[in-house]
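Listed here are the chains, written in short residue letters.
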Amino acid sequence: MDVLELARWQFGITTVYHFLMVPLTIGLSVLVAAMQTAWVRTGQLRYLKMTKFWGKLLLVNFAMGVVTGIVQEFQFGMSWSAYSRFVGDVFGAPLAMEGLVAFFVESTFLGLWIFGWDRLPKRVHLACAWAFSLATMASAYFILAANSWMQHPVGVEFVDGKPTMNSIGAVLTNNTALAAIPHTLAGAFSVAAAFLVGVAGWHLWRRRKSSADEHRDVWRSSLRLGGWVGVVAFAVLAITGDAQGKLMFEQQPMKMASAEALCRTEKPASFSILAIGDVADADCEDVKTFNVPALLSFLAHNDFSTEVKGVENLVDEYQAKYGTNYPDDPALGELAGKPIDYVPSLPVTYWGFRVMIGFGAISAGIGVLALWLTRRGRIPGGRWFPLLVLGGIATPFIGNSAGWIFTEMGRQPFVVVPNPTGVEGMWMFTAQAVSKLSVGEILTSLITLTLLYLVLGVVELYLMRKYVRGGVDAVMPPARPGSSSKDSDGSGDSHDSDDQTLSFAY
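Predicted model, so just to flag it, every value in this text is computed and none were measured.

Chemist: Lay out the overall build of the protein in plain terms, naming residues and giving numbers.
Modeler: Broken down by element type, the protein carries 16 helices and 6 strands. Dimensions of the protein, computed from C-alpha atoms along their principal axes, come out at roughly 80 × 50 × 40 Å. Across the 506 residues in the protein, those meeting the buried criterion constitute 52%. For the protein, contacts bridging at least 24 residues in sequence account for 77% of all contacts bridging at least 6. Across the protein, the 38 positively charged side chains and the 41 negatively charged ones have centroids separated by 15 Å.

Chemist: Provide a residue-level description of the environment of Val30, including the pertinent values.
Modeler: Summarising the element assignment, Val30 is placed in helix α1 (residues 3-42). With 110 residues separating them in the primary sequence, Val30 and Ala140 have C-alpha atoms 13 Å apart. Those residues in contact with Val30 that lie beyond four places of it in its chain are Trp130, Ser133, Met137 and Phe189.

Chemist: Could you give an account of the nonpolar core, with specific residues and numbers?
Modeler: Grouped together as the largest cluster of nonpolar side chains are 66 residues, with contacts concentrated most on Leu28, Phe53, Trp54, Leu57, Trp113 and Phe195. For this core, the element with the most residues is helix α6 (residues 175-206), which contributes 16 residues. Once residues lying within four places of it in the same chain are set aside, the contact partners of Leu28 are Trp54, Leu57, Leu58, Ala192, Phe195 and Leu196. Judged by nonpolar contacts, the second largest core, of 56 residues, contains Met256, Ala259, Leu314 and Ile340.

Chemist: Could you give an account of helix α15 (residues 439-470), naming the residues involved and the relevant values?
Modeler: Helix length check: α15 (32 residues) gives 46 Å between terminal C-alpha atoms against 46 Å at 1.5 Å per residue, within 8%. For α15, the complete set of buried residues consists of Ile442, Ser445, Leu446, Leu449, Tyr453, Leu456, Gly457, Glu460, Met464, Tyr467 and Val468. Among the structural elements, α1, α2 (45-78) and α6 are those in contact with the buried residues of α15. One or two steps after α15, the chain reaches Gly471, where phi turns positive at roughly 65°.

Chemist: Tell me what's going on with the pattern of salt bridges, and back it up with residues and numbers.
Modeler: Pairing of side chains with opposite charge becomes possible as their charged atoms draw close. Applying the stated rule across the entire model yields 5 salt bridges. Residue Lys246 pairs with Asp242 through a salt bridge whose shortest N-O separation is 2.7 Å. Here the residue Lys246 and the residue Asp242 both occupy positions in helix α7 (residues 216-251), the gap between them amounting to 4 residues, near one helical turn. What makes Lys246 buried here is its relative accessible area of 14%. The partner of Glu408 in a salt bridge is Arg411, and the shortest N-O contact between them spans 2.3 Å. Residue classification places Glu408 among the buried residues on the basis of a relative accessible area of 19%.

Chemist: Lay out the packing of α6 against α7 in plain terms, naming residues and giving numbers.
Modeler: Closest axis-to-axis distance for the α6/α7 pair is 6 Å, and the angle between their directions is 155°. Relative to α7, the element α6 lies roughly antiparallel. The hand of the α6/α7 crossing is left-handed. Tallied by class, residues from the contact of α6 with α7 come to 18 nonpolar, 15 polar and 2 charged.

Chemist: Before we move on, could you go through the packing of α1 against α6 and cite the residues and values that matter?
Modeler: As a packed pair, α1 and α6 sit with axes 7 Å apart at the nearest point and diverge in direction by 75°. As far as their axial angle goes, α6 and α1 are roughly perpendicular. Contacts from Phe19, Pro23, Leu24, Ile26, Gly27, Leu28, Val30, Leu31 and Met35 of α1 reach α6 at Thr184, Leu185, Ala188, Phe189, Val191, Ala192, Phe195 and Leu196.

Chemist: Outline the pairing of strand β1 (residues 156-159), listing residues and values.
Modeler: As judged from the 4 bridges shared by β1 and strand β2 (residues 162-165), these two strands associate in the antiparallel manner. From the neighbouring strand, Glu157 faces β2, where its bridge partner is Thr164. In this structure, the hairpin formed by β1 and β2 is closed by a connection of 2 residues, where Asp160 is found at a positive phi of approximately 55°.

Chemist: Mind laying out the confidence of the model for the protein, listing which residues take part and the relevant values?
Modeler: Averaged over every residue, the pLDDT of the protein is 86; the share at 70 or more is 92%. Within the model, pLDDT remains below 50 along residues 479-506, and this stretch shows 68 contacts once partners closer than five positions in the same chain are excluded.

Chemist: How would you explain the packing of aromatic side chains if you had to name every residue and give the values?
Modeler: As enumerated under the stated definition, the model contains 26 aromatic pairs in all. Measuring from ring centre to ring centre gives 4.9 Å for Tyr350 and Trp351, while their planes differ by 90°; the resulting arrangement is edge-to-face. On the accessibility criterion, Trp351 (32% relative accessible area) is partly exposed. Put simply, the rings of Tyr318, Tyr322, Tyr326, Tyr342, Phe414, Trp427 and Phe429 touch in pairs and so form one group of aromatic residues. Directly above the ring of Trp39 sits Lys122, whose terminal nitrogen or CZ lies 4.8 Å from the centroid. Between the NZ or CZ atom of Arg354 and the centre of the ring of Phe271, over which it lies, the distance is 5.5 Å.

Chemist: Summarise the side chain of Ser29; cite the residues concerned and give the values.
Modeler: Tracing the sequence through the fold places Ser29 in helix α1. In this structure Ser29 comes out as buried when scored by relative accessible area, which is 2%.

Chemist: With reference to specific residues and values, describe a nonpolar patch on the surface.
Modeler: A grouping of Ile273, Leu274, Ile276, Phe290, Val292 and Trp351 is seen on the molecular surface, where their side chains present a nonpolar patch of about 530 Å² in accessible area. Elements with a contribution of two residues or more to the nonpolar patch: β3 (271-276) and β4 (288-292). A total of 3 residues in the nonpolar patch trace back to one element, the largest contributor, which is β3. Looking at the secondary structure, you find Val292 in strand β4. The exposure class of Val292 is partly exposed, given its relative accessible area of 30%.

Chemist: Account for the environment of Ala433, naming residues and giving values.
Modeler: With respect to the secondary-structure elements, Ala433 resides in helix α14 (residues 430-433). Note: C-alpha distance between Ala433 and Gly92 (341 residues apart in sequence) is 16 Å.

Chemist: Explain unusual backbone geometry to me, and be specific about the residues and the numbers.
Modeler: The linkage connecting Lys267 with the following residue, Pro268, adopts the cis geometry, with an omega of -5°. With respect to the secondary-structure elements, Pro268 resides in the loop between α8 (253-259) and β3. Within the chain, Ala294 stands out as a residue other than glycine whose phi angle is a positive 70°. For Asn302, which is not a glycine, the phi torsion comes out positive at approximately 65°. Relative to the elements of secondary structure, Asn302 occurs in the loop between α9 (295-301) and α10 (311-322).

Rules and cut-offs
- Residues numbered from 1 in each chain as written.
- Predicted model: local features only at pLDDT ≥ 70, side-chain atom pairs only at ≥ 80, totals over all residues.
- Heavy atoms only, no water.
- Helix = DSSP H or I, 4+ residues; strand = E, 2+ residues; numbered from the N terminus.
- Buried < 20%, exposed > 50% of the residue type's maximum accessible area, 1.4 Å probe, protein only.
- Contact = heavy atoms within 4.5 Å.
- Lys, Arg positive; Asp, Glu negative; His and termini not counted.
- Charge placed at Lys NZ, Arg CZ, Asp CG, Glu CD.
- Core = buried A, V, L, I, M, F, W, Y, C linked by side-chain atoms within 4.5 Å.
- Expected span 1.5 Å × (residues − 1).
- Salt bridge = Lys/Arg side-chain N within 4 Å of Asp/Glu carboxyl O.
- Axes fitted to C-alpha atoms, helices over the stretch in contact; angles between N-to-C directions.
- Parallel < 35°, antiparallel > 145°, perpendicular 65-115°, else oblique.
- Left-handed = near helix turned anticlockwise from the far one by under 90°.
- Nonpolar A, V, L, I, M, F, W, Y, C, P; charged D, E, K, R; others polar.
- Pairing = 2+ DSSP bridges.
- pLDDT = per-residue confidence, 0-100.
- Phe/Tyr/Trp six-rings, centres within 6.5 Å; stacked < 30°, edge-to-face > 60°.
- Lys NZ or Arg CZ within 6 Å of the ring centre and 35° of its normal.
- Patch = residues over 30% accessible without salt bridge, like charges linked within 9 Å, V, L, I, M, F, W, Y side chains within 5 Å.
- Areas by Shrake-Rupley, 256 points an atom, 1.4 Å probe, with all protein chains shown as cover.

As C-alpha cells, this is what we get:
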C-alpha cells in the first residue's frame with residue numbers, strides 16, 4: 001500500500017464511523033423536542049417519560065459523535081494538507097460557520113436542556129430543546145455545503161493558481177447542496193425512526209403479557225411515532241434522491257454511468273435492477289443485467305428518450321478535457337506521469353447504489369409492518385417480532401453509509417470535481433491532495449485511530465444497551481413518598497419542585 005491508499009482508508013474508516021452517530025443525533029433530537037412539546041401542551045405523563053428515555057439515549061450518542069467528529073477536521077491538515085492549501089479559502093468558510101454558528105449553539109442549549117429541568121420554566125426549557133435540535137440541522141447544512149462544493153465547485157475565481165471565494169451566497173445555495181440537504185436529513189429521520197421502532201417494539205413485546213405495565217403506552221406511542229416518521233422519511237428520500245440523480249446526470253456523468261455499470265452509451269437507457277457477473281469488467285461482455293427499459297433515461301432527464309453516456313465514451317471525453325496522464329510532479333510519487341484512471345470502482349458504485357436504495361426500502365417496510373401489527377392495541381406474540389424490529393435498526397444505518405460511500409467514491413479520481421459550466425481548470429485529483437507523509441506515519445495513525453474508534457464503539461454499545469434495557473425506570477426515578485401528583489406528572493407551570501421528581505438521572 002502507498003500513502004494515498006492508506007490516507008483514503010483512514011479517512012473512509014473514520015468518516016463512515018462518525019456518520020453512524022450523526023444521523024441518529026439529528027433525527028432523534030427533533031423527535032425528542034417533539035415529544036417534550038407534546039408533554040408541555042397536554043401534560044400527559046407518557047410524553048414526559050418518552051422525552052426522558054429517548055433523551056438519555058440521544059445524549060450518549062451525541063457525546064460519541066462529538067468525540068469522533070473532532071478527528072474529521074484534523075485530518076484535512078494531517079493527511080490532506082495539499083488539499084487544505086488548495087481549497088482552504090473556500091472550504092474553511094462553511095466549516096467555520098458550522099463551528100461558530102451551529103456547534104456552539106448546539107452545545108450551549110444542550111447544556112441548558114440537560115441541567116435546566118428543575119431550574120427553567122417549562123416553555124423556556126422546551127425552547128432550549130428546539131434550539132439544540134435546529135442547530136444540529138444547521139450544522140448538517142454547513143457541512144453539506146462544504147461537501148457539495150467539492151462535488152460541484154461554485155462561487156470562486158482563480159487567484160495566483162488557487163480558488164478564491166467571491167460569493168459565499170453561491171457556496172451556501174449551491175444546487176448540489178440544496179438537493180443533498182433534504183436527502184441527508186430524511187436519511188437521518190429514517191435512522192431515528194428505525195431506532196424508535198426497534199427499541200420500543202422490543203420493550204412492547206417483552207411486556208406483552210403484563211396488562212398492568214405502567215409504561216406500555218410509552219412504548220406503543222414511541223413505536224407508532226417511529227413507524228410513521230420512517231414512512232414519511234422514505235417518501236422524502238425517494239423524491240430528493242430523484243432530484244440528486246438529475247443533477248448527477250448533468251454534473252458528474254461518470255458517477256451516473258458507474259452507478260449503473262453502463263459501459264456503453266444508450267438511448268434510451270435502461271435501469272439495471274440486478275447484475276450477474278463481474279461489473280468491474282468495463283467491457284461488460286460477461287455481465288448480464290435485469291433491466292427496466294428506458295427508466296434510467298427518465299431518472300436522468302424526466303423523459304424516456306434521453307441519451308445516457310456510458311463509461312467507455314466518457315473516458316474519451318474526460319481524457320480530452322482533463323488529460324490522459326497525471327502531471328510529472330514528484331509530489332505525486334508513483335503516479336507521476338502515469339495514465340489517469342477516470343473510472344471509479346464499479347463494484348462499489350453499482351452495488352453501493354443498490355444497497356442504499358434496498359436497505360432504505362426495507363427500513364420503511366419494517367415500519368409499515370410494525371404499524372399494521374400494533375394497530376388497535378395489538379401486540380405481536382411471535383419471537384420473530386423483536387428480531388425483526390431490532391434487526392431493522394441496522395437497515396437505515398447501512399443504507400446511509402452505502403449512500404455516502406457511493407457519493408464519495410463515485411467522484412474518483414477527483415477530490416474536487418470539475419464543474420462542467422464553472423471556472424476552467426477548477427478541479428483537483430485525489431492523488432494531488434495527500435500530505436507528504438511516509439507509509440509508516442500514515443499507517444501508524446490509521447491503526448491508532450481505528451483501534452481508538454473500536455474502543456469508543458464498544459463503550460457506546462455498552463451504554464446504549466444499559467439504558468435501553470433499563471427502560472423508563474432507569475432515567476426517571478420514582479417520586480418520593482408524599483410528593484404531589486402535580487409534581488409527578490409535570491403539569492405545573494415550571495420545573496421548580498423540591499422533590500426533584502422530574503430530574504434526569506445524569
